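Observations on chain architecture
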Amino acid sequence: SGSGRYASRGTHSVTRASDREAEKNSKRATKRALTAFHEARKAGALTESDEAFLGAQLGVRDGGGSAAERRLRDEEAMLYGMSRGLDGMDSRQIQGMRSNLAAEGTREYNDMNSRGLPRGTEREVCSGYEKVVIPAPVRDKSLLRSRIDLDEAMGADSDERAAFEGTKSLNPMQSAVFESAFTTRENLLVCAPTGAGKTNVAMLTVTAHLRDVGLIGKSGYDSDGLGELSIGQKIVYIAPMKALAQEVVEKFSSKLKCLGIIVRELTGDMQLSRAEAEAANILVTTPEKWDVVTRKGGDGSLGSTCGLLIIDEVHLLADERGAVIESVVARLHRFVESSQRNVRIVGLSATLPNYEDVAKFLRVDKRKGLFFFGPEHRPVPLQQTFIGVTSGGNRFQREKKMDDVCYEVVSDALRQGYQCMVFVHSRKGTGTTARALAERAAFEGELDALFTGDSEENEARAKYADRAEKSRNKELREHFRNGMGVHHAGMLRNDRRLTEQMFNDGAIVVLCCTATLAWGINLPAHTVVIKGTDVYMPEKGKNVDLSILDVQQIFGRAGRPQFDTSGDATLITSHDAMARYLDKLVRSTPIESNFIKQLADHLNAEVVAGTVTNIREAVEWIRYTYLHVRMCKNPLAYGVSSVQHESDPTLRKRSEELAIEAAKLLDERKMVRFNPESGNLAVTNMGRVASHFYIRNQSVATFNEMMEQKRDYATDADLLHIMCCADEFENLRVRPEELDEVDKIKKESCPLETLAPVEEFSGKCSVLLQAYISKARVTSFTLISDTNYIASNAGRVARALFEMSLKGGNAPAALKFLRLAKSIDNRFWWFQTPLRAFENELKKNVFVALEDHRTAKGRGGGQYTTFERALSLLEMDPDEVGQLCHCFRDGKLIKKHVRYLPKVDVSVSVQPITKSTLRFRIDLSPNWTWSPRYHGGAEGFWLWVEDSENRRTYHSEYVLFSRRNHPEDKALEVIVPLFDPMPSQYYIRIVSDSWVGCESLIPVSFQHVLVNGLGSPTFFTNLFDLTPLPVQALNDTRYEQLYENRFEVFNPIQTQLFHILYHTDTPVLLGAPTGSGKTTVAELALLRMKKQNPKSKCVYIAPLKSLARERLKEWSKRLGGPPLNWKVLELSGDTSHDSHVLNSADVLICTPEKWDLISRGWRGVSGDFSSSGARNGRKFVREVGLLVIDEIHLLGEDRGAVLEAIVSRTRFISRYVQAEKNKNHTKKGSEVPEMTRIMGLSTALANPYDLANWIGIDTEGYGVNANKGLYNFRPSVRPVPMVVHIQGFPGRHYCPRMATMNKPCYAAIKDLSPTKPSMIFVASRRQTRLTALDLISHAAGDENPKSFLHCDDTYIDAVAETLNDQNLRHTITFGIGLHHAGLTSKDRETVERLYLEGHIQVLIATATLAWGVNLPAHLVIVKGTEFFDGKTSRY
């Protein structure tokens, strides 16, 4: 009882606790033995005697027995084991069960199924740090693909082989991909470790593409029947960083130069002109830059010329910038489907866990185009070491420990004779690390032995000694003496190059550099060390962990394939960070999409581009993104419950929710107009500017709110503050250690007031931006980094705010934002002299002298006159200029540079059109000396008209002066509104787009503008509600027969005019809308004339040949046939008749010029000209009883002068002839009635009185006869009412703007006239074709390409065979007809017939058709209102 307690079990049995424990243990042991016995028996490891003996010992009845019985027993035992539930499972089984329960694609699933650290991993704990060494994987060469010999595969002399000069055979990874990359046009995704040779895979696809489009070699490969699809010529290579883009350009240029292929870089640093970009065969760019380029889509844009898109480092989808790649690829997929072009996508990536998802997103065929290679494909096996520094205390102790550990690693490598690269994360850190290593080496006495070596032995060191000592970079000289080098983006390019060469040749053994080197330049070393993993991110405003992708990229630099058989990579970090890195290394988590966060911005870009016009299309667009792929795989991570996913497996509902959410947000921020009922999305100016300048929607919301508050008046400081509140700068955090320096900068270098405290991001941003413009010196590393970040974004934000203000009509804000944007670009202020643009050419005292007279208050918001001050120097002698500027010898030089400042002389004439509109004719003459060095190929100016009282702009435009046409003047015609009471003046402001301070303000006075004469309200005739007259009112059976098959009664306008037309000879001016039956009105006047005097002639003047032809066709049939049998003739440039025929004609139809020529000879000429048209006219002209001028409103156009001459001459002839007849009968001075009745037909006019007076209608008199014959009906008096929709499209260039109109045209047809006939008018023959092809592709996008065809395919195919025009043959089979002067008359007639009979629904025509052919349509679209004028060679 020493063990104390007894426990009662039942009534009698009493057991000690320790006995119970022993009993349990014994049972457990027996159980284990039994299990082992059964397993051994199952495996056949026991002899029969062993089995019998052990069976007896363990109490197994019938240890032997037949095999069948034993099997039965085993099954029972197994079932028993399974029925024990979780209790009976060991930890391995539980783990297995859990992994089977986790949904595939989730993090848990990946965690369960991933391996631990690789075999052979060693952990070691030392003083102050822990070390984990992962050995290099063993390569089994037998499993690798055999190498492909390039001479055999491509042919030794082929162009394609030339691109691989210096490479004999492909490595195993490249050999595995060769077939798919080089001989097919399959999309590819290649996942392989860094350094495995992915660039050569890209090169294979590049040469294959160049071969397929015929730029190199012979296209002898079968492209899988791709003959039908057109392939874009260009290759676009998207690299994640600018540094990497530069490396790719250099590498590709050197390899492809021999083939004449042009490779260009297109990034934020390298702007290309349009011509340069078009000439390049390969463009290397960054995701953001390509996103901006493809947003401004349209036919002929760079995006549409791409035939091969290579995306390097696709695994950046997981990064914050991943959304941009998603947007670019989704846009490309939709473009490929809608335009039916073939664009190949090639993705290159580091090893990814869920590469199948990425393949699905890139539309890669998993069987043919997906390749995944493990770490064994690294050319040099890599040993990885992770060191976690544990010594706590403060930051300095930890840094010290890291330096010590780093020295140990570096010195180890140097002892073995290897070079070493040390990566740190700041420019300053490179120098401090190198110094720390040198100090430690000197302390250990190893500096000479390990780092510098013997100069005699090291030839390379001796070779570079002179160049290094001559370098102006102090750090480079200092570290070279210690056998080391530093490398970062802050060094001059030459110094960076020198350092790279020295390291490559072994003149220095240790290189301390920043991470850009790992991405940008291929400079490997045997040993690579990453010292520290805290990286400062200006956009987040704090330190973050170096991403695992960066770590893998840097580790990839370890081991030089041509020299080493192994590589060493070491990561030194804090102990807790080490655990995170090991975790990420072992558990490669699936990469997720970041698209939802930026969905609104990317949706806005699609709406602006016109590819998404409603929610249905937005949902369709989302389905192309990586977000959709991952949402279906891992719905929980994107807020989709399992119930939702089951009911909607394609997640259409969730996509719709996301799209509507984003649309509402954009609508609220005035970036898009969203109609919840119809789901339609329309673009706004605000959204357009945000898309083109890459501004986030949160920033736009901030701007809207703040600009509204400052609507009345805003100073420069206010607007700078608004700009600094942009979301782009939100992450700039203020650190306590920076405050002193920020305050100092604020006092010394900020001319504008800072409206927010420097503790807030907007205050700090304002100070650093002003410091940047003022070129102040910033010393702290984080502040330099922040300033660079601000400077690279501020110009873009300021330009966006300028365009928002200009389009919003806010003149003062627009001017100030443009000044600010130019100051940021040029780094000097607008209140300083514009001559600062030549800082490198002129001495400093010139600027000081010229800025000396500026008053202090000028800084805030007064008028700046620095430009005028600079120009005033031109009026002085060079000596005076030198004296004024304290540079006595430089007077001539200063004047020469003043002449380079772009100045535009402006002259304006004002002409009132109506009481509320004015026409400004503005002449601009460039008045400066053009220098290609300073002005390039073109200089841009912004011009706008503003008023002083309301501070609004009424018109704005961008004017471009080109070097080619310099100094040619430019003339602009601008219509501006005028308000009551009339202001005293408006201003025209012209501001240079790039030169700081170059701006002029021209007042336009209205003192002599008389608008009172325009005060009389436009005279409109009211349409009376009369009973329509029947045709019988003509009272002549022959005349009635003309109309009996066409109509029974005259329309309201014809009824109202019937009396004056048919029963009087008064001249008539009729203004009425097109389609109101004006031709019948002319016929009534013609019938009256013939009734009164059958011998009289009628001349009908049509302004266009096509109109004359149509009238001839109609009247020849109706008037020329029975019962009237009148002779109808046409006289235009294409026809001519002799005098006999002319004199026998009843009706003559001609163009104004032709009638002008005939009527000139009305008095007859001497015999010399007897055969000319003038002679023929003599008799005929005197017999004209009726002159009908159709479309008389064209008097205001270019050919108006001819019409004026005709009318004046006709009235003169008429009076002359009449006077001759009445000579003997009339008393002197009495009024002679005119012989020839003049009739003008026009659309509704604004000034009908002047026109009526001119053709002989009495507009001055009073009483019954006043205005008799003048009828000017309102434009709304149409026989069929009409609704007008007006849509404006921006875009400076004609062709892209036309292309953006095609989708709205298609939408309008679908919306307003889905089944009825529609007509689209365009400006040129080329546009008819392009518009038709785009409509077909939009219809195909809706999966109904023949939606406009309303007849059998067999019938239309038969008709198409009879047509001559190739394009028309193609479009007609889709129900779209073309109509222009370039078609044969037979083709035109066929199209007209098909359209009239309703077989084809859409007709696309040039504007001439509107005059010439009377084809009705339910919907008419005028696409574009400009045409190219060959005379002035402009639109």
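**A few points about helix α20 (residues 493-504)**
Compared with the 16 Å implied by 1.5 Å per residue over 12 residues, the 16 Å span of α20 between its first and last C-alpha is a close match. Burial in α20 covers these residues: Asp-495, Arg-496, Leu-498, Thr-499, Glu-500, Met-502 and Phe-503. Buried residues belonging to α20 abut β15 (420-424), α18 (459-470), α19 (474-481), β16 (484-487) and β17 (510-514). Positive phi appears at Gly-506, one or two residues downstream of α20, with a value of about 85°.

**Some points on helix α33 (residues 761-773)**
With 13 residues, α33 should cover 18 Å at 1.5 Å per step; its first-to-last C-alpha distance of 18 Å lies within 8% of that length. Of all 13 residues in α33, 12 are buried, a share of seventy percent or more.

**Some thoughts on the pattern of salt bridges**
When charged atoms on two side chains of opposite charge get close, those side chains can pair. Under the definition given, this model contains 63 salt bridges. Between Glu-620 and Arg-623 there is a salt bridge; the shortest N-O distance is 3.8 Å. The class of Glu-620 is partly exposed, set by a relative accessible area of 28%. Taken together, the shared-partner salt bridges in this structure form one network comprising Arg-1046, Glu-1083, Arg-1111, Glu-1114 and Arg-1118.

**What to know about the sheet that holds strand β28 (residues 970-977)**
One open sheet holds the 3 strands; their spatial order is β24-β25-β28, and the pairing between them is antiparallel. The open sheet terminates on both sides in strands that have one partner only, identified here as β24 (904-914) and β28. Averaged over neighbouring strand pairs, the angle between their axes works out to 20° when direction is ignored. In this structure, strand β25 (residues 917-926) lies alongside β28, joined through 8 bridges in antiparallel fashion. Bridging from a neighbouring strand, Arg-919 pairs with Ile-975 of β28.

**What about the pairing of strand β3 (residues 122-126)?**
Counting buried positions over the 5 residues of β3 gives 0, only a small fraction of the element. Pairing analysis gives 5 bridges linking β3 to strand β4 (residues 129-134), with the strands arranged antiparallel. Counted as the bridge partner of Glu-122 is Val-133 from β4.

**Re the environment of Ala-1145**
For Ala-1145, the location among the structural elements is in the loop between α45 (1139-1144) and β34 (1147-1150). Considering only alpha carbons, one finds Ala-1145 and Lys-1097, 48 residues apart in sequence, at a separation of 7.3 Å. Contacts of Ala-1145, omitting those with residues within four sequence positions, involve Lys-1097, Lys-1127, Leu-1129 and Phe-1180.

**Brief notes about the state of the cysteines**
By the definition in use, this model includes 0 disulfides. Looking at Cys-420, it has no disulfide partner, and the nearest cysteine sulfur is the one in Cys-406, 7.0 Å off.

**What about the sheet that holds strand β29 (residues 985-992)?**
With antiparallel pairing, 4 strands are arranged side by side in an open sheet as β27-β26-β29-β30. With one partner strand each, in any of the chains shown, β27 (953-962) and β30 (999-1005) form the two edges of the open sheet. Taking the axes of each pair of neighbouring strands and ignoring which way they run, one obtains an average angle of 20° across the sheet. Relative to β30, β29 runs antiparallel, the two being bridged by 7 bridges. Across the sheet, the residue bridging to Ile-990 is Ser-1000, located in β30. Its contacts with the sheet put helix α35 (residues 811-826) on β26 (938-947), β27, β29 and β30, and the angle it makes with β29 is roughly 15°.

Cut-offs used in this document
- Residues numbered from 1 in each chain as written.
- Predicted model: local features only at pLDDT ≥ 70, side-chain atom pairs only at ≥ 80, totals over all residues.
- Heavy atoms only, no water.
- Helix = DSSP H or I, 4+ residues; strand = E, 2+ residues; numbered from the N terminus.
- Expected span 1.5 Å × (residues − 1).
- Buried < 20%, exposed > 50% of the residue type's maximum accessible area, 1.4 Å probe, protein only.
- Contact = heavy atoms within 4.5 Å.
- Salt bridge = Lys/Arg side-chain N within 4 Å of Asp/Glu carboxyl O.
- Pairing = 2+ DSSP bridges.
- Axes fitted to C-alpha atoms, helices over the stretch in contact; angles between N-to-C directions.
- Disulfide = S-S within 2.5 Å.

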